[in-house]
Amino acid sequence: MNRILNLVATEARIELRERSALSGIVLYVLSSAFIVFSIWKQLPPKEWGLTFWVIFLFCSLMAVLKTFGRESEGRYFYYYTLYHPLELFAAKVIYNLLLLVFIFFVLWFVLFVMAGNPILRIGWFFVTGLMSAIGLSFLLTLITSIAIKTQQNASLTAVMALPLMIPLLINILRLTAYASGTTPDENPWNEMMLLSSIISLVIGMSLWLFPYLWRS
Amino acid sequence: MMQESTTNSSFRLAAWKWAAMIILIFVFIAGWIVPLKPGIIKVTPDRAVAGEMIVVDVVGYNSFYLTDTTKLRAWLRLAGDTVIQAHHIQAWDDRNLAASFYIPSVFPVRQEAYPLTLVLDHGSEGTSILPNAIFITPASEQDTAEMKLWFRDKIEHVHEKAGIQYPFRNILSETIRNTYFHVPMWFCMIILFGVSAWYSLQYYRNGDIDFDRRSVAFIKVGLVFGVLGMVTGMLWAKNTWNAYWSWDVKQNMSAISLLIYAALMVMRSSVEDEMQKARLTAGYNMFAFVLLIPLLFIIPRMTDSLHPGNGGNPALGGEDLDNTMRMVFYPAVIGFILLGLWISQLVYRTDKLKGNL
């Protein structure tokens, strides 16, 4: 566990050494929120939820994209001799999870300032956000680890990850609709169950497959 | 001499391939040739006022009204067993007839408008039904004595047409035959993707490049079947939903599943190292197949959909698939799956030959 946290800290140090990294993400969130907002002019509760998750998805794709691109090949070889692949994977997932939670709150704050807050059940919304951050960090980390081995990893990450995100996204949107009270559905537990079972599928599969995909 | 021996040996086919061919020939012939039962396409006028005598012109489909005009009977049904019978029926030709009804000025129930179902029975040609054929507006003056004009009994002694026919359903009509082609395509796609995931698992265990070749062949053919399923579905949707694409949840989910596998093929083409390519394919393929299960089997069931089998619409086992249709549908499923497996094998072999060149 300590070794994993060490790796996460190294990750964070590398990222924070470049000022552009985190501020780039914040700017990305801001400018995409601004574009969407200037198209919509106003955001009724339903559109607020949709806008939120569309921006969130693309921001998280952008942020996670360079998960495996930061270090040189040589360093990975070094890691490979030092760490078990799962330790490396866990470190990357934890780091990405923190990043996604960060994006979630930045985006929520930006939309809150720009368009108000239509969320009535704020607890449900945060739980949904946390669940989606967990699911997406596992899924995206696995997909980037595949895409990094190809020649055009940026576009391939999007092409491979976006369709796989949709089962998650559908449930997230339903839960958000429940949290903002735009659906007559009064029982969100079905969606919650489905979302958590899909997420556990993603987690199980990625933990199983990563060590296999990683060796090269 | 050499050529003769090669043609002889290559002509030996396994029994299941013969079975696939025979089944598919049966499916194509029976699926297209067997006629539909008689039905009603149109009724004019489609609205009327209560308390008046109306003459309804009926346009039939696959009907033979002139065969024996004395055997024709017609009813307008309000709900359940509450019906009025036609006073007089005049058949003009096999496809057109006129039936006259007196609509009572009072109704057993009180509504803004009364949708009536037209039921037509012929002694030898069978029964045909048009739900909500005529909408009746309530009369301004109601005569309670006319309540006795409503019969409170079942429409009895209706006839079944002899012989083999598919049921006639309104809106669906001839497109009901799509059941034999559209549905098996998806079954076949799922089976092929499943087999492909299985071969990926074998590659994961053994690392034999041959399993990679097999799993890719199955994905390629599965994609073709998926596209065919989508095209047949879109043509059907144009005829019944009046749009090729209406963002129905089933349409979306199937398009997404095709996108996932198309992404896999794109990913393969951008990796050069063979072993690397095979390993990434195996990993992504198993991951995608597991995520395909909620995508295709759980999420569409939780959402409203126009698609048969969703949102209370009948599908397999419902009234749309009667025993006559089952006799073609089940063979169609088996036949198309066998055909898919066969084509995948051929693709695998040609890929292998190309790789060896």
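Structure: above.
To keep things clear, this report deals only with the structure shown in the data block.

What counts, and at which threshold
Residues numbered from 1 in each chain as written. Chains lettered and ligands numbered in written order. Predicted model: local features only at pLDDT ≥ 70, side-chain atom pairs only at ≥ 80, totals over all residues. Heavy atoms only, no water. Phe/Tyr/Trp six-rings, centres within 6.5 Å; stacked < 30°, edge-to-face > 60°. Helix = DSSP H or I, 4+ residues; strand = E, 2+ residues; numbered from the N terminus. Buried < 20%, exposed > 50% of the residue type's maximum accessible area, 1.4 Å probe, protein only. Lys NZ or Arg CZ within 6 Å of the ring centre and 35° of its normal. Axes fitted to C-alpha atoms, helices over the stretch in contact; angles between N-to-C directions. Parallel < 35°, antiparallel > 145°, perpendicular 65-115°, else oblique. Left-handed = near helix turned anticlockwise from the far one by under 90°. Contact = heavy atoms within 4.5 Å. Nonpolar A, V, L, I, M, F, W, Y, C, P; charged D, E, K, R; others polar. 1 Å grid on protein atoms, 1.4 Å probe; cavity = no way out; pocket = protein on both sides within 12 Å on 5 of 7 lines; lining within 4 Å. Points joined across faces, edges and corners; volume = space filled by probe spheres on them.

## Digging into the packing of aromatic side chains
Then, number 1: Using the criterion set out here, one finds 41 aromatic pairs over all chains in the structure.
Then, number 2: An angle of 80° between the planes, with centres 5.3 Å apart, marks the rings of F52 of chain A and F104 of chain A as edge-to-face. Here the residue F52 of chain A occupies a position in helix 3 (residues 45-64), and F104 of chain A occupies one in helix 5 (residues 85-115), the gap between them amounting to 52 residues. Like F52 of chain A, the residue F104 of chain A is buried in the burial classification.
Then, number 3: Ring geometry for F28 of chain B and F181 of chain B: centres 5.1 Å apart, planes at 50°, overall tilted. With F28 of chain B in helix 2 (residues 15-33) and F181 of chain B in the loop between strand 10 (151-152) and helix 3 (182-206), this pair connects stretches of sequence that are 153 residues apart.
Then, number 4: Relative accessible area serves as the criterion here: at 31%, F28 of chain B is assigned to the partly exposed category.
Then, number 5: Ring pairs connect the aromatic residues W48, F52, W53, F56, F104, F105, W108, F112, F125 and F126 of chain A, which therefore count as one cluster.
Then, number 6: Positioned above the aromatic ring of Y178 of chain A is the side chain of R121 of chain A, whose terminal nitrogen or guanidinium carbon lies 4.1 Å from the ring centre.
Then, number 7: Positioned over the ring face of F64 of chain B is R95 of chain B, at 5.6 Å from the centre of the ring.

## Notes on the side chain of N96 of chain A
Then, number 1: Mapped onto the elements, N96 of chain A comes out in helix 5.
Then, number 2: The exposure class assigned to N96 of chain A is buried, which follows from its relative accessible area of 1%.

## Brief notes about the packing of helix 3 of chain B against helix 6 (residues 274-298) of chain B
Residues and elements named next belong to chain B.
Then, number 1: At a closest axis distance of 9 Å, the pairing of helix 3 and helix 6 adopts a crossing angle of 140°. As far as their axial angle goes, helix 6 and helix 3 are oblique. Between helix 3 and helix 6 lies a crossing whose hand is left-handed. For the pair helix 3 and helix 6, the contacting residues are M189, I190, F193, G194, S196, A197, S200, L201, Y203 and Y204 in the first and M275, A278, R279, T281, A282, N285, M286, F289, L292, L296 and F297 in the second.
Then, number 2: Class assignment for the residues of the contact of helix 3 with helix 6 results in 15 nonpolar, five polar and one charged.

## Let's talk about empty space enclosed by the protein
Residue and element names in this part refer to chain B.
Then, number 1: Applying the stated criterion across every chain yields a total of one cavity of 30 Å³ or more.
Then, number 2: Volume-wise, the largest cavity comes out at about 50 Å³.
Then, number 3: If you trace the largest cavity, you find it lined by P38, S63, F64, Y65, L72, L120, D121, H122, E125, G126 and S128.
Then, number 4: Of all the secondary-structure elements, those providing two or more residues to the lining of the largest cavity are strand 8 (114-122) and strand 9 (126-137).
Then, number 5: Of the residues contributing to the lining of the largest cavity, the split by class is five nonpolar, four polar and two charged.

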